[in-house]
Amino acid sequence: MASAMTTKISRTVLATSDPETLAAEILRALKYRVGKDMTVAKPHDWLTAAIQVVRDRIIDQWIRSTKEAYDRREKRVYYLSLEFLIGRLMRDAFSNVGVLDDMRVALRSLGVDIDVIAALEPDAALGNGGLGRLAACFMESMATVDVPAHGYGIRYENGMFRQEISDGWQVELPENWLDHGNPWEFERRERSFEVGYGGQVESLTDKDGILDRHVWKPAERILAVAYDTPVVGWRGKRVNTLRLWSSLAIDPILLAAFNAGDHVGALRDSNKAEALSKVLYPADSTSAGQELRLRQEYFFTTASLQDIVQRHLSQFGDLLSLPDQAAIHLNDTHPAVAVAELMRLFMDVHGVDFDKSWDAVKRTFAYTNHTLLPEALESWPVSLFDRLLPRHMQIIYAINAQVLLEARSSGHFNDEQIRRISLIQEGTERRVRMGNLAFSGSHSVNGVSALHTELMKVTVFADLHRLYPGRINNKTNGITPRRWLFQCNAGLTDLARETIGDKFLDNIEELKALDKFADDAAFRDSFAAVKRANKERLANYVAGRIGVKVDPSALFDIQIKRIHEYKRQLLNIIEAVALYDQIRSHPEREWLPRVKFFGGKAAPSYHNAKLIIKLANDVAKVINRDPAVRGLLKVVFVPNYNVSLAEIMMPAADLSEQISTAGMEASGTGNMKFALNGALTIGTLDGANVEMKEHVGDDNIFIFGLTTNEVAERRNNGYDPRAVIEGSPELSQALSAISSGVFSPDDPQRYRELLGGLYEHDWFMVAADFDAYAATQRQVDKVWRNGPDWYAKAIRNVARMGWFSSDRTIRQYAKEIWNVVP
Ligand code: 26Q
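No experiment lies behind these values; they were computed from the predicted model shown. (Residues numbered from 1 in each chain as written. Predicted model: local features only at pLDDT ≥ 70, side-chain atom pairs only at ≥ 80, totals over all residues. Heavy atoms only, no water.)

Trainee: How should I be thinking about the site of the ligand in this particular structure?
Mentor: Taken together, 19 residues form the shell around the ligand, and within it Leu-131, His-370, Asn-477, Glu-665 and Gly-668 come nearest. Contact between the ligand and Asn-477: an oxygen atom at 2.9 Å from a side-chain N or O atom of the residue. A distance of 2.6 Å is found between an oxygen atom of the ligand and a side-chain nitrogen or oxygen belonging to Glu-665. Contact with the protein chains covers 95% of the free accessible surface of the ligand, which is 610 Å². Of all the elements, helix H7 (residues 130-144) adds the most residues to the shell around the ligand, at three residues. Split by residue class, the shell around the ligand holds six nonpolar, eight polar and five charged. (Near = heavy atom within 4 Å. Polar contact = N/O pair within 3.5 Å; in protein donor to acceptor, adjacent residues only side chain to side chain. Areas by Shrake-Rupley, 256 points an atom, 1.4 Å probe, with all protein chains shown as cover. Helix = DSSP H or I, 4+ residues; strand = E, 2+ residues; numbered from the N terminus. Nonpolar A, V, L, I, M, F, W, Y, C, P; charged D, E, K, R; others polar.)

Listed below in structure tokens is the structure:
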């Protein structure tokens, strides 16, 4: 469907990409690269061959982009992230290069359906959720707006686990996305660096006995080997590099041990070394404090910094010009050890003094914070840090001395405040605060939405903000419209092109030309037809995947994101139970058919999150089977939510659930994807919802609930959830249905503790917000009943979401943080 759009582009970038040429090349690739001919080729072989053909074209641009950046001595951006949730790459690459339609035709001429082979490509799930997906959107946008950039991360062999639902419970299965090889990556054995752990620090003195240098002698050494994936921007203009590190033992078989007959022992070290890049930690909010995690953080950080320094020295010869040629970005604190590591490289390896090093380091780094949740702020026991990275521990003490000196000499801080500024948290177990390390070692510290940034200034970083005013700034998140509109919603893209022309393809803010069509009945009908087709696609998927039939004419109400108490899936489920009760008690009322979809993974060790998944499934089972609801309400938990599933669900939503407790969701980016695809949002004044409301207008979004200040106020002034529950008949009724075992007859006590928490403290204000939420849902019903009004609002959402493009976000980073000119 993505029509002529792509064909036209192909002419500009690629000389020979007509379907006949492509078909011939696919056959050549099948024969000479896959080693098969047409008669025996399996769908997977066709996928590999098709990718190879397009990949060759991308490589030409890749080499050109890289060389150009070198020749022009351009400043480069290095984005360090422990997660890159890139998903499938084929459609993205084909579409951006402009050969999607010609490839479709070429493959069809060979008897192959591109959609069938596309579905075989595994999702590169090298991330947990929002932070990882943001890194992926940023990579695509940097290539699109022409910022020379490298992403650096880990090539996890097992990415995010695959979720299955068994008897309503989440079961985690390993996801080996590399099983069939990865045609997008290039192994660069020659680009490998040593990574050390443990050992001692030796102090060297000069001939006069004066301390001259520190030399770290690690006890363990392993190798980091680079794997490069090209990242192609819109219209194939620029191709950047995503470099992921894989761990390797330096001496894969300890020959001495092997020869001495200890065959198993000889392999032990290599297994240990290679374990490092085996798995992604599947937790997105609590730092488990595992040693392997800290090893992973240091592993990819040092490899990346050694690579960056080597590239810089070979081109410019002198290390002190690094800040002028390189902007290194820390995606949360996960790579924050980089601050100490770059200091070490400057001082210990290149002999630069502390002051000069510290100045250069601060001018090089910038840091993004993605959370205010105290349990998610990384800190490591000093004992562990010192054992693994003894030299870095010394350097952190030296940095701390400098920071505390600045704080004390300013005269503005009392002892309590000084303690909070310290990089070391004192207590029974002393810990290194990675947030304070990242903050003090960066010239820029940004939040990811306006609200989140303001909260950073008055909560976690209040004291550091006072010590270094001006360092905190906001960069509201964005999403790439290529994946999140053009690729996932070809129907809406085509409709927009027919209506307002092609300008929005290159500047998504041009979508605002659609605004006036909100009042055009014919356009609304076409818009509704596109939505309908997308809903049918989802309905088919759900029927095939879990055997639940849903009616595409019902309101599709969707909450898809990681499962977390602060995101309040529980609020949504309880409302479903209340609605169920209402429908049964008042069958005579005119109820509107609604399907509530849920999707998301729980961290394997997060007990309550897993229980919430079970509850959603329990509630679904009872409601979906009850003839009394007559299909007016259905609840569906879609298993294994990931990027590819999001691409089906976002375009199919009528209503987007963004209902976190105010003040707790840093930004959210799913909220943006839904609205861009024409869903209306029901949400709290949290994260980027606040700015979405400003852009789409109060009449085109459903806002409810306590504000951030009201939440704080309630928590401080003796909030009594029990009284609130008792004062709400609907809520009491729903809670007693759940706790009496209506949905868990096999184990009536199952939800006792979970619901007990609501009565006792209700930290996330589920009870406090319940009535407002339910009332707003009835408001949603009312608008839904009036079709033209609903679609007019939906169209205005699409038209007004252009600002939330990650192209805008990246331009702001480039200008205001990185000092690079795209
Ligand atoms: C830390 C230490 C040890 C193990 C795991 C972690 C860890 C891993 C992932 C901590 C946090 C994360 C991920 C956080 C995340 O995804 N945050 C989201 O970032 C989005 C992009 O800015 C925001 O839109 C979301 O609001 C925010 O929740």
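There's more to say after this.
Trainee: Can you walk me through the packing of helix H10 (residues 291-316) against helix H12 (residues 338-349) in this structure?
Mentor: The angle between the axes and the distance between the axes are what describe a pair of packed helices. Relative orientation of the contacting elements H10 and H12 amounts to 40 degrees, with a least axis distance of 10 Å. Comparing their axes, H12 and H10 come out oblique. Between H10 and H12 lies a crossing whose hand is right-handed. Residues Tyr-298, Thr-301, Thr-302, Leu-305, Gln-306 and Val-309 of H10 form the contact with H12, whose participating residues are Ala-338, Glu-341, Leu-342, Arg-344 and Leu-345. (Axes fitted to C-alpha atoms, helices over the stretch in contact; angles between N-to-C directions. Parallel < 35°, antiparallel > 145°, perpendicular 65-115°, else oblique. Left-handed = near helix turned anticlockwise from the far one by under 90°. Contact = heavy atoms within 4.5 Å.)

Trainee: Looking at this model, I keep getting lost on the pattern of salt bridges. Mind explaining?
Mentor: Any two side chains of opposite charge can pair, so long as their charged atoms come close to each other. Counted according to the given criterion, the structure contains 68 salt bridges. Ionic pairing is found between Glu-68 and Arg-64, a salt bridge with its closest N-O pair at 3.0 Å. Of this pair, Glu-68 and Arg-64 are both found in helix H3 (residues 43-71), four residues apart, which corresponds to roughly one turn of the helix. In this structure, Asp-146 and Arg-238 form a salt bridge, with 2.8 Å as the shortest nitrogen-oxygen distance. With Asp-146 in the loop between H7 and strand E4 (149-154) and Arg-238 in the loop between strand E10 (220-232) and strand E11 (239-249), the pair connects residues that are 92 residues apart, well separated along the chain. Within this structure, Asp-557, Glu-575, Arg-594, Lys-596, Glu-657, Arg-778 and Asp-781 form a network of salt bridges that share partners. (Salt bridge = Lys/Arg side-chain N within 4 Å of Asp/Glu carboxyl O.)

Trainee: Sorry, what's going on with the packing of helix H2 (residues 19-34) against helix H5 (residues 100-109) here?
Mentor: Where H2 contacts H5, the axes come no closer than 8 Å and their chain directions differ by 60 degrees. With respect to each other, H2 and H5 are oriented oblique. The chirality of how H2 crosses H5 is right-handed. The residues of H5 that touch H2, namely those facing Pro-19, Leu-22, Ala-23 and Ile-26, are Asp-102, Met-103, Val-105, Ala-106, Leu-107 and Ser-109. Taken together, the residues that form the contact of H2 with H5 break down as eight nonpolar, one polar and one charged.

Trainee: Can you help me understand the layout of surface pockets in this one?
Mentor: The probe, sized like a water molecule, is rolled over the atoms to show the empty space still left. Considering only enclosed or pocket space, the largest pocket measures out at about 1200 Å³ in volume. What lines the largest pocket is a set of 40 residues, and nearest its centre among them are Arg-88, Arg-91, Ala-119, Ser-644 and Ile-648. Listed by contribution, the elements that provide at least two residues to the lining of the largest pocket are helix H1 (3-13), helix H4 (90-97), H5, helix H6 (114-118), helix H20 (481-487), helix H21 (490-500), helix H23 (521-546) and helix H26 (643-649). Take the lining of the largest pocket: its biggest share by element is five residues, from H23. Of the residues belonging to the lining of the largest pocket, the class tally is 18 nonpolar, ten polar and twelve charged. Taken as a whole, the second largest pocket spans an internal volume of roughly 490 Å³. Along the wall of the second largest pocket there are 18 residues; nearest its centre are Leu-372, Pro-374, Thr-459, Gly-663 and Arg-715. In terms of residue count, the dominant contributor to the lining of the second largest pocket is helix H29 (residues 708-716) (five residues). Of the residues belonging to the lining of the second largest pocket, the class tally is twelve nonpolar, four polar and two charged. (1 Å grid on protein atoms, 1.4 Å probe; cavity = no way out; pocket = protein on both sides within 12 Å on 5 of 7 lines; lining within 4 Å. Points joined across faces, edges and corners; volume = space filled by probe spheres on them.)

Trainee: Whenever I open this one, the confidence of the model for the chain confuses me. Can you help?
Mentor: The predicted coordinates of low-pLDDT regions are not to be read in fine detail. Predicted confidence across the chain gives a mean pLDDT of 95, with 97% of residues reaching 70 or more. Note on residues 6-15: pLDDT is under 50 here. Beyond four places in sequence and across chains, it has 26 contacts. (pLDDT = per-residue confidence, 0-100.)

Trainee: I would appreciate a short explanation of H4 in the present structure.
Mentor: In an α-helix there are 3.6 residues to a turn, and that puts residues three or four apart on one side. Across the eight residues that make up H4, a large majority, seven, are buried. Residues of H4 that are buried: Met-90, Asp-92, Ala-93, Phe-94, Ser-95, Asn-96 and Val-97. Phi turns positive, to about 95 degrees, at Gly-98, one or two residues after H4. (Buried < 20%, exposed > 50% of the residue type's maximum accessible area, 1.4 Å probe, protein only.)

Trainee: What is the right way to look at unusual backbone geometry in this model?
Mentor: Keep in mind that most residues, glycine aside, have a negative phi and that most peptide bonds are trans. If you check the backbone angles, Asp-332 has positive phi at about 65 degrees while not being a glycine. Along the chain, Asp-332 falls in the loop between strand E12 (326-331) and H12. One non-glycine residue, Asp-762, lies in the positive phi region at around 45 degrees. Within the secondary structure, Asp-762 sits in the loop between helix H32 (752-760) and helix H33 (766-785). We classify Asp-762 as buried; its relative accessible area is 2%.

Trainee: I would appreciate a short explanation of the nonpolar core in the present structure.
Mentor: A general trend in soluble globular proteins is that nonpolar side chains are found buried together. In terms of nonpolar packing, the biggest core is built from 269 residues, with Phe-597 and Trp-818 touching the most fellow members. Residues contacting Phe-597, with those up to four places away along its chain left out, are Leu-538, Val-542, Val-550, Phe-556, Asp-557, Ile-558, Gln-559, Val-636, Val-638 and Met-649. Residues Leu-373, Ala-376, Tyr-566 and Met-664 belong to the second largest nonpolar core, which totals five residues. (Core = buried A, V, L, I, M, F, W, Y, C linked by side-chain atoms within 4.5 Å.)

Trainee: Just to check I follow, could you spell out the sheet that holds E11 for this structure?
Mentor: Within a beta sheet, neighbouring strands are joined by backbone hydrogen bonds and run either parallel or antiparallel to one another. Spatial ordering of the open sheet is given by E7-E10-E11-E4-E1-E12-E13-E17-E18, a layout of nine strands whose pairing is mixed. Only two strands of the sheet have a single partner each, and these edge strands are strand E7 (186-197) and strand E18 (472-474). For this sheet, the mean angle separating the axes of adjacent strands, direction not counted, is 25 degrees. Across four bridges, E12 lies against strand E13 (residues 365-368) in parallel orientation. (Pairing = 2+ DSSP bridges.)

Trainee: Mind showing me how you'd approach the sheet that holds strand E21 (residues 633-637) here?
Mentor: The strand order across the open sheet formed by six strands is E21-E20-E19-E22-E23-E24, and the pairing between neighbours is parallel. With partners counted over all chains shown, the strands left at the sheet margins are E21 and strand E24 (702-703), one partner each.

Trainee: I keep staring at the pairing of E11 and nothing clicks. Help me out?
Mentor: Two faces belong to every sheet, and in a regular strand the side chains alternate between them. For E11, the buried fraction is high: ten of the eleven residues fall into the buried class. In this structure, E4 lies alongside E11, joined through five bridges in parallel fashion. Bridge pairing in E11 places Tyr-152 opposite Arg-243.

Trainee: What's the story with the state of the cysteines in this structure? I'm lost.
Mentor: Between two cysteines, a covalent bond joining their sulfur atoms is known as a disulfide. This model, assessed by the stated rule, comprises zero disulfides. Cys-137 takes part in no disulfide bond, and the closest cysteine sulfur to it belongs to Cys-488, at a distance of 11 Å. The class for Cys-137 is buried, based on a relative accessible area of 1%. In this structure Cys-488 comes out as buried when scored by relative accessible area, which is 4%. (Disulfide = S-S within 2.5 Å.)

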